[in-house]
Amino acid sequence: MHSEAPLAPLVGAHALVPCVDGSERPYRDLDCAASTPALESVAARVAEFLPWYSSVHRGAGYKSRRATAAYEEARESVRRFARRPAGGDDVVVLVRNTTEAINHLAYRLALGPSDVVVTTVVEHHANLLPWARVATRRWVECGSDGTFGIDDVVRVLDDGPRPALLAVTAASNVTGWLPPVEEICAAAHARGVPVLVDAAQLAPHRPLPAEPDFVAFSGHKLYAPFGAGALIGPRETFETGDPFLAGGGAVDLVDLDEVIWTEPPEREEAGSPNVVGAVAFGTAMDELEGIGWGAVHAHEAALCAQLYEGLRSIRGVHVLGPAFDEDTGGGDRLAVAAFTVDGMHHALVAARLSAEFGVGVRHGCFCAHPYLIRLLDVGSAGLAAARAAVRRGDRSGIPGAVRASCGLGTSGEDVDALLDALRALAAGSPAPVTYVQDRVTGDYWPEGDAPGWTTADRPAGAACARG
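Position numbers for residues count from 1 along each chain, tracking the sequence in the order it is written. In keeping with the model being predicted, local features are shown solely for residues with a pLDDT of at least 70 and side-chain atom pairs are shown and tallied solely at 80 or more, while totals for entire chains, interfaces and linings include all residues. Each side-chain value is worked out from all heavy atoms of the structure, with water and hydrogens disregarded.

Draft legend 1. A look at the nonpolar core. Counting 75 residues, the largest nonpolar core has Val78, Phe81, Leu166, Leu208, Phe217 and Phe281 as its most contacted members. Runs of E in the DSSP output that reach at least two residues are strands. Runs of H or I that reach at least four are helices, and both are numbered from the N terminus. Looking at which element gives the most residues to this core, the answer is helix H8 (residues 275-291), with 9 residues. Counting 39 residues, the second largest nonpolar core, distinct from the first, contains Tyr308, Leu311, Ala404 and Leu425. In plain words, nonpolar cores are sets of buried Ala, Val, Leu, Ile, Met, Phe, Trp, Tyr and Cys residues tied together by side-chain atoms within 4.5 Å. Exposure categories follow from relative accessible area, calculated using a 1.4 Å probe and restricted to protein chains: below 20% of the type maximum is buried, above 50% is exposed, and the middle band is partly exposed.

Draft legend 2. Looking closely at the sheet that holds strand S14 (residues 336-341). When DSSP locates at least two bridges between a pair of strands, those strands are taken to pair. On the basis of which strands lie adjacent, the open sheet formed by 4 strands has the order S13-S14-S17-S16 and antiparallel pairing. With one partner strand each, in any of the chains shown, strand S13 (317-319) and strand S16 (362-364) form the two edges of the open sheet. Strand-to-strand twist across the sheet, computed as the mean angle between neighbouring axes with direction ignored, equals 30°. Bridge count for S13 against S14 is 3 bridges, and the pairing is antiparallel. From the neighbouring strand, His318 faces S14, where its bridge partner is Thr340. Residue contacts are counted whenever heavy atoms from the two residues lie within 4.5 Å of one another. Angular values range over 0 to 180 degrees, each being the angle between N-to-C directions of two axes fitted as lines to C-alpha atoms, with helices fitted over their stretch in contact. Set on the sheet, helix H9 (residues 293-312) makes contact with S13, S14 and strand S17 (401-405); between it and S14 the angle comes to about 15°. With respect to the sheet, helix H10 (residues 346-357) is in contact with S14, S16 and S17, its orientation differing from that of S16 by roughly 165°.

Draft legend 3. Structural view of unusual backbone geometry. Between Pro264 and the following residue, Pro265, the backbone shows a cis peptide bond with an omega angle of 5°. Among the structural elements, Pro265 can be located in the loop between strand S12 (259-261) and H8. The backbone of Arg83 sits at a positive phi, close to 60°, despite the residue not being glycine. Inspection of the secondary structure puts Arg83 in the loop between helix H2 (62-81) and strand S4 (90-95). Judged by relative accessible area, Arg83 falls into the partly exposed class, the value being 47%.

Draft legend 4. Region of interest: the environment of Ala70. On the secondary structure map, Ala70 appears in helix H2. We classify Ala70 as buried; its relative accessible area is 7%. Distance from Ala70 to Val56, taken between C-alpha atoms, is 9.3 Å for residues 14 residues apart in sequence. Among residues more than four places away in sequence, those in contact with Ala70 are Arg45, Phe49 and Val279.

Draft legend 5. Local environment of the pairing of strand S9 (residues 214-218). Most of S9 is tucked away: 5 of the 5 residues are buried. Side-chain alternation along S9 places Phe214, Ala216 and Ser218 on one buried face and Val215 and Phe217 on a second face that is also buried. Sheet topology note: the strand S8 (residues 195-198)/S9 ladder contains 3 bridges and is parallel. For Leu196, the partnering residue across the bridge sits in S9 and is Phe214. Where S9 meets strand S10 (residues 229-234), 4 bridges bridge the pair, whose relative direction is antiparallel. Bridge assignment links Ala216 to a residue of S10, and that residue is Leu231.

Draft legend 6. Local environment of a negative patch on the surface. A cluster of acidic side chains, namely Asp89, Glu236, Glu239, Asp252 and Glu263, defines a negative patch on the protein surface. With respect to the helices and strands, the residue Asp252 is situated in strand S11 (residues 251-254). Judged by relative accessible area, which is 51%, Asp252 ranks as exposed. Patch criteria: residues need more than 30% relative accessible area and no salt bridge. Like-charged residues are merged within 9 Å; nonpolar side chains of Val, Leu, Ile, Met, Phe, Trp and Tyr are merged within 5 Å. Note on areas: Shrake-Rupley with a 1.4 Å probe; residue coverage comes only from the protein chains shown. Salt bridge criterion: a side-chain nitrogen from Lys or Arg within 4 Å of a carboxyl oxygen from Asp or Glu. In this tally Asp and Glu are treated as negative and Lys and Arg as positive; neither His nor the chain ends contributes. A charge is said to be at NZ when it belongs to Lys, at CZ for Arg, at CG for Asp and at CD for Glu.

Draft legend 7. Examining the state of the cysteines more closely. In plain terms, two cysteine sulfur atoms within 2.5 Å form what is called a disulfide here. Inspection of the entire model under this criterion finds 0 disulfides. Here Cys304 stays free of any disulfide, with the sulfur of Cys406 as its closest cysteine sulfur at 7.8 Å.

Draft legend 8. The environment of Pro399, seen in detail. Positionally, Pro399 belongs in the loop between helix H12 (379-391) and S17. Considered as a pair, Pro399 and Gly442 are 43 residues apart in the sequence and their alpha carbons are 10 Å apart. Ignoring any residue separated from it by four or fewer positions in sequence, one finds Pro399 in contact with His346, Gly364, Cys365, Leu376, Val378 and Ala386.

Draft legend 9. Focus on helix H3 (residues 98-108). A large share of H3 lies buried, amounting to 9 of its 11 residues. If you check which residues of H3 are buried, you get Thr98, Glu100, Ala101, Ile102, Asn103, His104, Leu105, Ala106 and Arg108. Against the buried residues of H3 lie S4, helix H4 (129-134), S8, S9, S10 and helix H7 (235-238). Polar contacts, as used here, are pairs of N or O atoms within 3.5 Å; protein pairs need one atom able to donate a hydrogen and one able to accept it. Residues neighboring in sequence count only if both atoms are side-chain atoms. Its side-chain oxygen 3.3 Å from the backbone nitrogen of Thr99, Asn97 forms the N-cap of H3. Of the residues trailing H3, Ala110 is marked for its positive phi of about 50°.

Draft legend 10. Broad picture of the packing of aromatic side chains. Aromatic rings from Phe, Tyr and Trp, taking only the six-membered ring of Trp, are treated as a pair when their centres fall within 6.5 Å; an angle between ring planes under 30 degrees marks them as stacked, one over 60 as edge-to-face, and anything in between as tilted. As enumerated under the stated definition, the model contains 9 aromatic pairs in all. Seen from their ring centres, Phe81 and Phe217 are 5.8 Å apart, and the 35° between their planes marks the pair as tilted. Residue Phe81 is found in helix H2, and its partner Phe217 is found in strand S9; the two are separated by 136 residues along the sequence. For Phe217, a relative accessible area of 0% translates into the label buried. Counting every residue linked through ring pairs, the aromatic cluster contains Phe81, Phe217, Phe281 and Trp293.

Given below as structure tokens:
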């Protein structure tokens, strides 16, 4: 057993959850790469702020002034967290999440079909799909291990007209791999190409890179799941032209035939903002910096080594992505691992881990379909078959894997619980109940009447594997 303790207290950590044998087990949250619980300090700050909630930037009352101050303090926390100089040229736009931030930027750059955006096959859909709407894309491919090098990026940057933008992740949400962002930015800037970094997955684990022109990240992966995120970039991007959202708060003067937009960042934040989300977001960033990146890195490196060494020791479990580096001991990647289990559908693995062991993981393609189909070596025939099935409404055969991911609240016991459960599944331990796959969602559900797992408890809505 490993003694690595949680690094910070999270709301709801290790709550008891029902299992199909009728028992309750501590919830083992190994789905931090999707979304994190709130830090207890963040929840406390929200509770402290709520009595003072009021309109922002638009009221003369005391509460309004206090709420406005809290909102702007959160913006300042974002600036510090992103390592942008005080009084510098960068604008911090508060948004809902990384997806909104990148869509926002895609609109504001005013690109056209003849403009080129270079991105990579490793990206989350949030950094793929918005660019398809506004520009032509050129791709940096990955090798069979799911990585690419600086030479691969340079080759694509130089392969045709100069790109209008390079859009790249700072950390893979699938494998935990960390691309060489500093070198990538240097190569792009040497060619006059600005860089957007999707830092959603990196932000809870490492200091944000200072080199990119634009950075986007989310609070819900940063222990502040209250619906706030940020887009950061040069003021000149936002000080002319129409904003992404038009409405109240973004203007100085409106007539029926004319509008005078106000200055950024308010120009970019039309409507009543998510003040509570911003307060939570800013508090989480301040807390992370208070904990210290050295402590965060050491905690997660230990969990990463435990996770990878354990997965590699289980016969029938195959880890996707680059090989674990014994020399760095988990320090060169995030504590995230995507894997498959021989003879078991990824959705069934995830369902059994939850229903029988109280272990929460993610399964599917993790909103990174192009990357997963390469890591899984699906091939054109397999992809065509999956595409045809989905068009018939059948998601049961969507390729995928299982992902375990760690964070501040993860303990060594959590990782041990996952590994013990996987050893049982990989060894062929029979399920205590029958699991039935829903072809519409692709997910499995245990049949029976155990509390928490009856037919009435079955959730309605989208499949876990969608993305």
